[in-house]
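Structural description and commentary
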Amino acid sequence: MPATGPVMVVSNHQSHLDPVLLGVSCPRQLRAMARKSLFFWPLGWLIRSLGAVPVDRGGRGISGIKAILKMLSDQDAVIVFAEGTRTHDGQLQAFQSGFAALARRSGATIVPTAISGAYEAMPRGRIWPSPRPVAVAYGAPIAGAEIDDRSDEQLVELVHVRIAAMLAELHR
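The following paragraphs examine the structure supplied in this document.

Focus on the packing of aromatic side chains
Scanning all chains against the criterion turns up one aromatic pair. Relative to Phe-99, the ring of Phe-95 has its centre 6.5 Å away and its plane inclined at 80 degrees; by these criteria the two rings are edge-to-face. The exposure classification of Phe-95 matches that of Phe-99, with both residues buried.

Here it is as structure tokens:
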């Protein structure tokens with residue numbers, strides 16, 4: 001994890017536990033994009049107090065994207081769940097490409113990150129987590145020419161492959 005500069009922690013998304021798991025396992029303070037529909041009372045107050053920014057997943061608004069770009073220009077580290085939503089079955093899903101454009105525009109370093117076990121601890125529909133082992137793995141940072149020399153599709157594929165490899169390693 002780079003100690004300074006703009007960083008995008010690009011992760012898979014298994015559970016509502018994920019932002020907390022990333023936050024407690026990372027040496028840097030993390031900010032996050034969160035689905036706009038989560039910002040209702042009283043959860044909205046809590047999410048905002050932890051530095052999250054509402055994002056319209058349908059792409060109809062750009063205020064969340066502008067807020068993320070501002071955080072990155074302020075040299076913050078930001079969580080991005082590349083699948084766009086929590087997994088329905090615990091498996092790694094296809095990634096959306098928005099993080100690639102954000103990385104290019106901001107000059108942020110991408111840190112591929114894998115979360116394993118959070119789905120078993122608290123899958124969709126469960127209100128309280130169950131005690132289960134969970135693990136978080138941070139991969140090698142991707143920056144500069146590694147980003148610039150790839151198309152968005154190639155960058156998305158690179159990050160997906162790295163996270164899939166980390167998940168396979170965590171399951172050994």
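What about the pairing of strand 3 (residues 52-55)?
Bridging between strand 2 (residues 30-35) and strand 3 involves four bridges; their strand directions are parallel. Bridge pairing in strand 3 links Ala-32 to Ala-52. Of the crossover connections in this fold, the one passing from strand 2 over helix 2 (residues 43-49) to the parallel strand 3 is right-handed.

Re a nonpolar patch on the surface
Together, Phe-40, Leu-43, Trp-45, Leu-46 and Leu-50 give the surface a local cluster of nonpolar side chains, amounting to about 540 Å² of exposed area. One can find Leu-43 in helix 2. In this structure Leu-43 comes out as partly exposed when scored by relative accessible area, which is 32%.

Section: the side chain of Gln-14
With respect to the helices and strands, the residue Gln-14 is situated in the loop between strand 1 (7-11) and helix 1 (18-25). Side-chain polar atoms of Gln-14 contact the backbone oxygen of Ile-115, separated by 3.2 Å. Of note is the side chain of Gln-14, whose polar atom sits 3.0 Å from the backbone nitrogen of Ala-118. With residues near it in sequence (within four places) discarded, Gln-14 still touches Arg-86, Thr-87, Gly-90, Ile-115, Ser-116, Gly-117, Ala-118, Tyr-119 and Met-122.

Quick look at unusual backbone geometry
For Gln-75, which is not glycine, the phi dihedral falls at a positive 75 degrees. The residue Gln-75 is located in the loop between helix 3 (63-73) and strand 4 (77-81) in this model. Of the residues examined, Gln-75 reaches a relative accessible area of 41% and is grouped as partly exposed.

Points about the sheet that holds strand 2
What the six strands build is an open sheet, ordered 3-2-4-1-5-6; its pairing is mixed. For this open sheet the edge positions go to strand 3 and strand 6 (135-138), each flanked by a neighbour on one side alone. Across this sheet, the average inter-strand angle for adjacent strands is 25 degrees, counted without regard to direction. Judged from the three bridges that link them, strand 2 and strand 4 form a sheet pairing that is parallel. Of the residues in strand 4, the one forming a bridge with Ala-32 is Ile-79.

Here's the deal with the environment of Met-1
Locating Met-1 in the fold gives a position in the segment before strand 1. For the pair Met-1 and Gln-29, spaced 28 residues apart in sequence, the C-alpha to C-alpha distance is 11 Å. Other than its neighbours up to four places away in sequence, Met-1 contacts Val-7, Val-9, Cys-26, Pro-27, Arg-28, Val-111 and Tyr-138.

Some details on the environment of Gly-139
Relative to the elements of secondary structure, Gly-139 occurs in the loop between strand 6 and helix 6 (145-148). Taking the C-alpha atoms as reference, Gly-139 lies 9.9 Å from Val-10; in sequence the two are 129 residues apart. If we ignore the near neighbours within four places in the chain, the residues touching Gly-139 are Val-111, Pro-112 and Met-166.

So, the packing of helix 4 (residues 98-106) against helix 7 (residues 152-170)
As a packed pair, helix 4 and helix 7 sit with axes 9 Å apart at the nearest point and diverge in direction by 110 degrees. What the angle tells us is that helix 4 and helix 7 run roughly perpendicular. Note on element contacts: helix 7 touches helix 4 through Asp-152, Leu-155, Val-156 and Val-159, opposite Phe-99, Ala-100, Ala-101 and Arg-104. Here the contact of helix 4 with helix 7 is composed, by residue class, of six nonpolar, no polar and two charged.

Conventions and cut-offs
Residues numbered from 1 in each chain as written. Predicted model: local features only at pLDDT ≥ 70, side-chain atom pairs only at ≥ 80, totals over all residues. Heavy atoms only, no water. Phe/Tyr/Trp six-rings, centres within 6.5 Å; stacked < 30°, edge-to-face > 60°. Buried < 20%, exposed > 50% of the residue type's maximum accessible area, 1.4 Å probe, protein only. Pairing = 2+ DSSP bridges. Helix = DSSP H or I, 4+ residues; strand = E, 2+ residues; numbered from the N terminus. Right-handed = clockwise from strand over helix to strand, strands pointing away. Patch = residues over 30% accessible without salt bridge, like charges linked within 9 Å, V, L, I, M, F, W, Y side chains within 5 Å. Areas by Shrake-Rupley, 256 points an atom, 1.4 Å probe, with all protein chains shown as cover. Salt bridge = Lys/Arg side-chain N within 4 Å of Asp/Glu carboxyl O. Polar contact = N/O pair within 3.5 Å; in protein donor to acceptor, adjacent residues only side chain to side chain. Contact = heavy atoms within 4.5 Å. Axes fitted to C-alpha atoms, helices over the stretch in contact; angles between N-to-C directions. Parallel < 35°, antiparallel > 145°, perpendicular 65-115°, else oblique. Nonpolar A, V, L, I, M, F, W, Y, C, P; charged D, E, K, R; others polar.

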